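Report on the structure
Take a look at the letters that make up each chain.
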Amino acid sequence: MSNSDYSKCPSPVKPEFAFIGRSNVGKSSLINMLCQRKNIAKTSVKPGKTQLINHFLINEEWYLVDLPGYGFAKVPQKNRDEWKYMINGYLLNRINLICTFILIDLRLPPQKIDQEMIESFGEQALPFALVFTKADKLKPAEVEKNVAAYKHFLSESWEELPPLFTTSSEKATGRDEILEFISKTKKVFNAEVIKQKLP
Ligand code: GTP
Ligand code: MG
């Protein structure tokens with residue numbers, strides 16, 4: 001199901017995990033990799049492919065959510081404002097959202113726009129984990145070095161580091177770790193509490 005309005009998303013009676021990050025960072029590819037499907041989430045070499053909030057029901061049990069990316073230079077201000085409105089509406093009101101994975105391109109040094117996104121999760125007390133993408137495009141030693149540099153960067157503003165995953169959608173790296181994390185954390189979902197919050 002695809003929506004621009006959080007209130008029209010599927011009834012929040014199942015636990016949910018979302019994927020957010022810059023345009024082209026590999027959100028849709030990661031979702032396909034986790035699901036072992038080629039194209040359930042539409043991907044593109046051009047940034048800006050995903051435009052709506054896309055729900056995928058997994059094993060009739062929980063939702064994966066593919067979100068449109070941020071930070072693409074060619075996007076006009078009006079569309080940026082619309083993105084913010086849609087995403088904030090979703091993140092702040094989706095009562096079954098257990099955790100959001102913020103995707104980071106491991107090939108680049110820490111980017112301001114990602115830092116702002118991470119900080120906004122912190123300020124709003126929204127649970128998140130970080131996923132480094134496209135690890136196959138780096139040598140193993142570079143992966144190690146860049147992960148260490150990112151951890152160092154995070155430790156300047158965070159006392160405790162969030163869960164971190166290094167992934168490649170090409171090579172299925174990090175798949176088991178992310179699915180294990182989801183399987184563990186979705187146990188905090190309490191259907192009874194959610195039902196009480198429903199209109
Ligand atoms: P938007 O929907 O535009 O925000 O982008 P997205 O974050 O969903 O990115 P998408 O999954 O569409 O991938 C963008 C491009 O990066 C595509 O050409 C993918 O094939 C490529 N890509 C994504 N993940 C990986 C990866 O792990 N390794 C490599 N080598 N390429 C990747
Ligand atoms: Mg996408």
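A short tour of the structure in this document, coming up. Note that the structure is a prediction, hence the values are computed from the model and not measured.

About the thresholds
Residues numbered from 1 in each chain as written. Chains lettered and ligands numbered in written order. Predicted model: local features only at pLDDT ≥ 70, side-chain atom pairs only at ≥ 80, totals over all residues. Heavy atoms only, no water. Helix = DSSP H or I, 4+ residues; strand = E, 2+ residues; numbered from the N terminus. Rg over C-alpha atoms; globule rule 2.2 N^0.38 Å. Buried < 20%, exposed > 50% of the residue type's maximum accessible area, 1.4 Å probe, protein only. Contact = heavy atoms within 4.5 Å. Areas by Shrake-Rupley, 256 points an atom, 1.4 Å probe, with all protein chains shown as cover. Lys, Arg positive; Asp, Glu negative; His and termini not counted. Charge placed at Lys NZ, Arg CZ, Asp CG, Glu CD. Donors = N, O, S within 2.8 Å, 3.2 Å for Na, K, Ca; no water. Pairing = 2+ DSSP bridges. Axes fitted to C-alpha atoms, helices over the stretch in contact; angles between N-to-C directions. Near = heavy atom within 4 Å. Polar contact = N/O pair within 3.5 Å; in protein donor to acceptor, adjacent residues only side chain to side chain. Nonpolar A, V, L, I, M, F, W, Y, C, P; charged D, E, K, R; others polar. Arc of directions from axis to C-beta.

With respect to the overall build of the protein
- On a plain count of helices and strands, the protein comes out with six helices and seven strands.
- Relative to the globule expectation of 16 Å for 199 residues, the C-alpha radius of gyration of the protein, 16 Å, shows essentially globular dimensions.
- In terms of overall dimensions, the protein has C-alpha extents of about 50 × 40 × 35 Å along its principal axes.
- Buried residues in the protein amount to 44% of all 199 residues.
- In the protein, of all internal contacts separated by at least 6 residues, the share reaching a separation of at least 24 is 71%.
- Carbon and sulfur atoms make up 51% of the accessible area of the protein, which totals about 11,200 Å².
- Positive and negative charge centroids in the protein, built from 28 and 23 side chains respectively, lie 7 Å apart.

A few points about the coordination of the magnesium ion (ligand 2)
- At the metal site, the magnesium ion (ligand 2) is ligated by Ser28 (OG) and Thr50 (OG1), and these contacts range over 2.0 to 2.2 Å. Of the two residues, Ser28 sits in helix α1 (residues 27–35) while Thr50 sits in the loop between α1 and β3 (53–58), which places them 22 residues apart along the sequence. Comparing Ser28 with Thr50, the two get one shared label, buried.

With respect to the sheet that holds strand β7 (residues 164–166)
- Overall, mixed pairing links the seven strands, which are arranged β1-β3-β4-β2-β5-β6-β7 in an open sheet. Edge positions in the sheet fall to β1 (2–3) and β7, since each of these pairs with one other strand and no more.
- Sheet topology note: the β1/β3 ladder contains two bridges and is antiparallel. The partner of Asn3 across the bridge, within β3, is Ile53.
- Here helix α2 (residues 77–93) sits on the sheet and contacts β1, β2 (16–21), β3, β4 (62–66) and β5 (97–105); the angle it forms with β2, its principal contact strand, is near 155 degrees.
- Contacts from helix α3 (residues 112–123) reach β2, β5 and β6 (128–133), with the element oriented near 165 degrees to β5.

A few points about the site of ligand 1
- Looking at ligand 1, there are 22 residues lining it, with Lys27, Ser29, Gly48, Asp136 and Ser169 nearest.
- Here an oxygen atom of ligand 1 and a backbone polar atom of Val25 are 3.3 Å apart.
- One nitrogen or oxygen atom from the side chain of Ser28 is found 2.9 Å from an oxygen atom belonging to ligand 1.
- Contact with the protein chains covers 89% of the free accessible surface of ligand 1, which is 660 Å².
- Its residues assigned to classes, the shell around ligand 1 comprises three nonpolar, 12 polar and seven charged.

Observations concerning helix α5 (residues 175–185)
- By the burial criterion, the buried members of α5 are Arg175, Ile178, Phe181, Ile182 and Thr185. Looking straight down α5, one finds its buried side chains confined to an arc of 135 degrees; they lie on one side. In α5, the exposed residues that point more than 90 degrees away from the buried face are Asp176 and Lys184.
- Here the buried face of α5 lies against β2, α1, β4, β5, β6 and β7.

Digging into unusual backbone geometry
- Although it is not a glycine, Asn59 sits at a positive phi angle of roughly 50 degrees.
- Here Asn59 shows up in the loop between β3 and β4.
- A relative accessible area of 63% places Asn59 in the exposed class.
- Of note in the backbone geometry, Lys134 takes a positive phi value of approximately 55 degrees without being a glycine.
- With respect to the helices and strands, the residue Lys134 is situated in the loop between β6 and α4 (140–155).

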